[in-house]
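# A structural walkthrough
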Amino acid sequence: MRKNLFKMVAAAVLAVSVLAVPAMADDPEVTITYWGWDSNYTWPMMEKYHELHPNVTFEPIATEWGDMLTKVQQALASGSELPTIIPMDRALIANWKQFDILEDLNEYGVDTSVYNQALIDAATTDDGRLIGLFSAACPAGIAYKRDLAKEYFGTDDPEELQAMFSTYDDYVTHGAEVAEASGGSVYLFHSGQAVAEWLYFASDVPNYEDGKINMTAKMEDVMGKLIALRDAGAVDTYQNGTPEGNATYAGKNHIFYPCPDWAITYYIEANDPDGSGNWGIIKAPVNYQHGGTAFGITTSATDEQKAAAYDYIHWCVSDQVGAEEARDVAGFITMDSTIATPEFCKRSDEEFFGGENISDLLYQEIAPNTVIPAPSAYDNDITSVRNDVAQQIMDDASMDLDTAVAAAIDELGQLVTDESVTIE
Amino acid sequence: MKIKTACKTVFLVLMSVISLIPFYLMFSMSTFKSEMIFQGNPLIPSNYFIENLKTIFASNFVRSYLNSFIISVCAMFFSVLICSMAGYAMNVYQFRLKKVMNMFIMMTMMVPTQIGIIGYMIEMRNLRINNTLLPMIFVWLASGLGAYWMISFFKTSLPLELVESARIDGANELQIYFQIALPCIRPGILTLALLQFLWSWNSYMYPLVFVNKTENYTIPIFVKSLASAFRTDYGAQLAGLTLATIPVLIIFSFGAKSMIRGLTAGAVKG
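Only a predicted model underlies this, so the values are computations on that prediction, with no experimental measurement involved.

Rules used in this analysis
- Residues numbered from 1 in each chain as written.
- Chains lettered and ligands numbered in written order.
- Predicted model: local features only at pLDDT ≥ 70, side-chain atom pairs only at ≥ 80, totals over all residues.
- Heavy atoms only, no water.
- Helix = DSSP H or I, 4+ residues; strand = E, 2+ residues; numbered from the N terminus.
- Areas by Shrake-Rupley, 256 points an atom, 1.4 Å probe, with all protein chains shown as cover.
- Lys, Arg positive; Asp, Glu negative; His and termini not counted.
- Charge placed at Lys NZ, Arg CZ, Asp CG, Glu CD.
- Buried < 20%, exposed > 50% of the residue type's maximum accessible area, 1.4 Å probe, protein only.
- Pairing = 2+ DSSP bridges.
- Contact = heavy atoms within 4.5 Å.
- Buried area = accessible area lost by both parts, 1.4 Å probe.
- Polar contact = N/O pair within 3.5 Å; in protein donor to acceptor, adjacent residues only side chain to side chain.
- Nonpolar A, V, L, I, M, F, W, Y, C, P; charged D, E, K, R; others polar.
- Expected span 1.5 Å × (residues − 1).
- Core = buried A, V, L, I, M, F, W, Y, C linked by side-chain atoms within 4.5 Å.
- Domains from an automatic or database assignment.
- Salt bridge = Lys/Arg side-chain N within 4 Å of Asp/Glu carboxyl O.
- Axes fitted to C-alpha atoms, helices over the stretch in contact; angles between N-to-C directions.
- Left-handed = near helix turned anticlockwise from the far one by under 90°.
- pLDDT = per-residue confidence, 0-100.
- Patch = residues over 30% accessible without salt bridge, like charges linked within 9 Å, V, L, I, M, F, W, Y side chains within 5 Å.

## Thoughts on the overall build of chain B
In terms of regular secondary structure, chain B is built from 13 helices and zero strands. N-terminal to C-terminal, the α/β element order of chain B is α-α-α-α-α-α-α-α-α-α-α-α-α. Total accessible area on chain B is roughly 15200 Å²; 70% of this is exposed by carbon and sulfur atoms. Taken as two groups, the 20 positive and 9 negative side-chain charges of chain B have centres that lie 8 Å from each other.

Written as C-alpha cells, this is what we have:
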C-alpha cells in the first residue's frame with residue numbers, strides 16, 4: 001500500500017514537472033539593466049523577483065544617486081545604451097521629467113487611485129505622464145532616546161512628550177533648559193544639517209512658483225527656526241550622515257533625531273544595535289515625509305524589457321509578496337493603500353521602541369496627513385545650498401538670519417544658470 | 001645654526017605626522033567593529049580587521065581590484081611607450097608640419113577632459129568596445145601632457161650626436177630608441193609611469209560613464225558603492241579604502257625618489 005502511494009506521488013510530481021517545464025520555457029528570457037543606489041533594498045528585491053520569475057535576469061550597476069544624472073546625461077549625449085529601469089530620488093524627480101526618456105506608466109494600465117496621491121502627483125508631468133512609481137511613502141517623526149528624555153524631561157512616555165513638544169517653540173524652550181541642566185554637554189539634536197533637512201521637508205513654502213525660486217521665504221522658514229534652536233544651545237555641530245555624526249546615535253549627548261521610517265532601519269537600529277527598548281518616536285510639529293525613490297522605465301528599452309520592468313516595479317509596490325519583501329528587507333512600506341493595511345504595516349521592530357505602536361503612528365497618523373510641495377527642477381540645488389548654509393550657521397554662532405539667507409541666495413545663484421528664473 | 005636645523009626638523013616631522021595621520025587612522029579604524037570605532041581609541045588598532053576583510057572580499061572587490069590593476073598597468077605601459085615615441089620623434093626627426101604637431105600636442109593639454117568625453121564615448125560605441133575595459137585604458141594612451149613632457153626630456157637629455165653616432169655604428173632606429181634614447185630619460189619615464197598609474201587608478205569619471213556591467217567595476221566605483229552597500233559598516237568601508245590605497249602607496253614609496261627627480265629635472269640650469 002505504502003509502495004503504491006509512493007508511486008502515485010512520484011508519478012504526480014513527474015507529471016507536474018513535465019507540464020510545468022514547457023510552460024516556464026515559453027516565457028521569453030529577459031535581461032533588465034538597472035543603474036542605481038541603495039543596494040540593500042534593490043538587490044534583494046531583484047533576487048526575490050528573479051526567484052519567482054526565473055526568465056527575468058537583472059544586471060544592476062551600483063551608481064550613487066548624486067552621479068545618476070551625470071551618467072545618464074553622458075549616455076544620452078553619446079547615444080549610448082540606457083538602463084531599463086531608472087530610480088529617481090524625490091529631490092531630482094522634476095529634473096527627470098525634463099529628459100523625456102521615461103515611459104508613461106499610465107499606458108501600462110496602472111491604477112493610481114490606490115496610491116498616495118501626493119506621490120503620484122510628484123511623479124506626474126504637466127501633461128499628465130506618470131514617469132515612475134514611488135516604492136514607498138516615507139512618513140517621518142522625531143525619534144528620541146528614552147533614558148535621556150526621562151532624565152531631562154521627567155518622562156519617556158511618547159504621549160507626554162508629544163504634548164511637551166507640539167510646536168517648534170517648545171523645542172527652543174526645552175532645548176535651552178537641557179543645555180542649562182547639562183552644562184552644555186547634552187543637546188536636543190546632533191546636527192544643524194539634520195535639523196535643516198527636517199524643517200525643509202516640513203516647510204509648506206513651495207521652492208518654485210511662476211518663474212521664481214522662493215529662496216528667501218524658504219530659507220527664512222527653515223534657517224530662522226534652526227538659528228533659534230542654535231541660539232538656545234539645542235543643536236550640536238556634527239555634520240549629518242558622517243560616520244562621526246552617526247556614532248552619536250549610540251551616545252549619551254543627543255536626545256532627538258528627525259526620523260523618516262527608513263531611518264529606523266538604516267540609521268537608528270544600525271548605529272545603535274544595543275539600544276533596543278531605549279527609543280521612542282513622536283510626531284513633529286508638522287507632519288512631513290522625507291525621501292522616497294520612484295522607479296521608471298526608459299523608452300529605449302525593448303518591448304519585452306519594458307513589460308518585465310513594469311511587472312517588476314508594480315510587483316514591488318502592489319503585489320502582496322513584493323510589498324512584504326520590501327517591508328521585510330528594508331522597512332519600506334508600500335504606498336498602495338489596498339496592501340498597506342494596519343496589519344500589514346505592523347513593524348516587527350516595535351520592541352526596539354519600547355513596545356510603542358510606531359506603526360500606527362507613522363502609517364496611520366502621519367502618512368495620510370502629510371502634504372508634499374510640488375517638486376521643482378531646482379530642488380537638488382536648493383538642498384545642496386541648504387546643507388552648506390546650515391553648517392555655516394552651526395560653525396559661526398554669530399551668523400544671523402539675514403546673513404544666512406543672503407549666503408543661500410548667493411550660493412544658489414552660482415548653481416542656477418537659467419536666466420529665465422529669478423531667485424527671490 | 002643647530003637651532004635652525006632643529007626647527008626645520010621639527011617642522012618637517014610635524015608636517016609629516018599631520019599628513020600621515022589620516023592614512024594611519026584609516027588603517028586603524030579598519031581594524032574595528034563599526035560600533036566600536038567612535039567608542040574606543042581609534043589610534044590603537046583593534047582585532048576586527050580580518051572580519052572586515054571577509055566582508056569586503058565577499059563582495060565584488062577582487063574583480064574590481066583586478067580590473068583597476070589591468071587598466072592602470074596597461075595605461076602606464078602603453079602611455080609611456082607612446083609618449084616617449086612621440087617625444088623621440090619630435091626631437092630626432094625633421095618632418096613637415098612638425099611645429100603644427102607640437103602646437104597640437106600643447107593644445108590638447110588645454111582642453112578639459114570632460115569636454116571630450118561625449119565624443120570619446122561615441123567613438124568607443126562605434127568601435128563596439130564601450131562595454132569593455134578598453135575605453136578606460138585607451139583614454140590614457142594619447143596623453144598630451146605625457147608627450148609634451150617626453151619632448152622636453154629628450155630635448156634636454158638626449159644629445160643628437162649620440163643618435164648620429166649610433167646610426168653610423170649601424171644601429172637601426174628601434175635599437176637607438178630602446179637602447180640609447182630611453183636610458184637617457186629614465187627619470188622622466190619613471191615619473192610619467194607613476195603619474196599615469198596614479199591617474200588611471202584613481203580615475204572616477206571614465207569608469208562612471210563606461211562601466212555598465214558589474215564585472216567591469218573599478219576600484220573608485222567600488223569604493224563609492226561601498227557607502228551604499230555597507231551603509232553603516234564603517235569598518236568594512238575603511239578596510240576597502242585601505243586596500244584600495246595600498247598599491248598607490250607602494251608604488252609611490254618605491255618610485256618617490258625617481259618621481260621627484262623627474263619632476264625637478266630641468267628646474268635648475270646646469
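## Section: the pairing of strand β8 (residues 256–260) of chain A
Residues and elements named next belong to chain A. Most of β8 is tucked away: five of the five residues are buried. Here β8 shows no split at all, with F256, P258 and P260 on one side and Y257 and C259 on the other all buried. The pairing of strand β5 (residues 139–145) with β8 spans five bridges and is classified as antiparallel. What sits directly across from A143, in β8, is Y257.

## Observations regarding the interface of chain B and chain A
Where the parts come together, the accessible area they lose is often given as the size of the interface. Taken residue by residue, the interface counts 26 residues in chain B and 29 residues in chain A. Each partner contributes to the roughly 2400 Å² buried at the junction of chain B and chain A, and carbon and sulfur atoms together form 55% of this total. On the surface where chain B and chain A come into contact, there are ten residue pairs in polar contact (both at pLDDT 80 or more). Among the secondary structure elements, those contributing two or more residues to the side of chain B that touches chain A are α5 (113–126), α11 (205–210) and α12 (219–229) of chain B. Its residues assigned to classes, the side of chain B that touches chain A shows 14 nonpolar, seven polar and five charged.

## Concerning helix α7 (residues 144–157) of chain B
When the terminal C-alpha atoms of α7(B) are compared, their 20 Å separation across 14 residues agrees well with the 20 Å that a helix rising 1.5 Å per residue should span. For α7(B), every residue scored as buried is listed here: B:G144, B:G146, B:A147, B:W149, B:M150, B:I151, B:F153 and B:F154.

## Considering the environment of A:M394
Residue and element names in this part refer to chain A. Structurally, M394 can be placed in helix α17 (residues 379–395). For the pair M394 and T237, spaced 157 residues apart in sequence, the C-alpha to C-alpha distance is 5.7 Å. Filtering out sequence-adjacent residues up to four positions away, M394 remains in contact with G192, L226, R230, V235, D236 and T237.

## A look at unusual backbone geometry
Residue and element names in this part refer to chain B. Look at L97: it is not a glycine, yet its phi comes out positive at around 60 degrees. Assessed through its relative accessible area of 62%, L97 is described here as exposed. We note that R128 has phi near 60 degrees; this positive angle belongs to a residue other than glycine. Within the secondary structure, R128 is located in the loop between α5 and α6 (134–141). Judged by its relative accessible area of 74%, R128 is exposed.

## Description of the nonpolar core
Residue and element names in this part refer to chain A. If you look at the biggest cluster of nonpolar residues, it comprises 99 residues, and the most contacted ones within it are Y41, W96, L133, Y312 and M335. Looking at this core, you find at least three residues from each of domain 1 (29–137 + 291–340) and domain 2 (139–290 + 348–423). Beyond its immediate chain neighbours, meaning those up to four positions away, W96 contacts M68, L69, V72, I86, P87, M88, I101, L102 and I131. Counting residues in each nonpolar core, the second largest holds 51 residues, with F153, Y168, L226 and V385 among its members.

## Regarding the domain arrangement of chain A
Residues and elements named next belong to chain A. Domains assigned within chain A are domain 1 (29–137 + 291–340) and domain 2 (139–290 + 348–423). The C-alpha centroid of domain 2 is placed 28 Å from the C-alpha centroid of domain 1. Between domain 1 and domain 2, the residue contacts involve 24 residues of the former and 17 residues of the latter. Carbon and sulfur atoms make up 55% of the area that domain 1 and domain 2 hide from each other, which totals about 1600 Å². Across the contact surface, domain 1 and domain 2 share zero salt bridges. For the pair domain 1 and domain 2, the number of links is three residue pairs in polar contact (both at pLDDT 80 or more). Within the residue set of the side of domain 1 that touches domain 2, elements represented by two or more residues are α2 (39–52), α4 (93–99) and α5 (117–122). Tallied by class, the residues present in the side of domain 1 that touches domain 2 amount to 14 nonpolar, seven polar and three charged.

## Points about the pairing of strand β9 (residues 279–282) of chain A
Residues and elements named next belong to chain A. A two-sided burial pattern is seen for β9, the buried positions comprising W279 and I281 on one face and G280 and I282 on the other. The sheet contact formed by β5 and β9 spans four bridges and is antiparallel. Across the sheet, residue A143 finds its bridge partner in β9, namely I281.

## Overview of the packing of helix α8 (residues 160–168) of chain B against helix α9 (residues 173–184) of chain B
All names here are of chain B. Packing of α8 against α9 brings their axes to within 10 Å, and their N-to-C directions diverge by 145 degrees. The two elements α8 and α9 cross, and the hand of that crossing is right-handed. Residues L162, V163, A166 and R167 of α8 form the contact with α9, whose own contacting residues are E173, I176, I180 and C184. Of the residues contributing to the contact of α8 with α9, the split by class is six nonpolar, no polar and two charged.

## Section: the confidence of the model for chain A
All names here are of chain A. Per-residue pLDDT for chain A has a mean of 91; in total, 94% of the residues score no lower than 70. The element-level mean pLDDT for chain A is lowest in helix α1 (residues 2–26), coming to 46, with β9 highest at 98. Considering only residues more than four positions removed or in separate chains, one finds that residues 9–24, a stretch of pLDDT under 50, has two contacts.

## What to know about a nonpolar patch on the surface
Residues and elements named next belong to chain B. A cluster of nonpolar side chains, contributed by M106, M109, M110, L145, Y148 and W199, occupies part of the molecular surface with about 540 Å² of accessible area. Going through the elements one at a time, α4 (98–110) and α7 are the ones with two or more residues in the nonpolar patch. At three residues, the largest contribution of residues to the nonpolar patch is made by α4. Mapped onto the elements, L145 comes out in helix α7.

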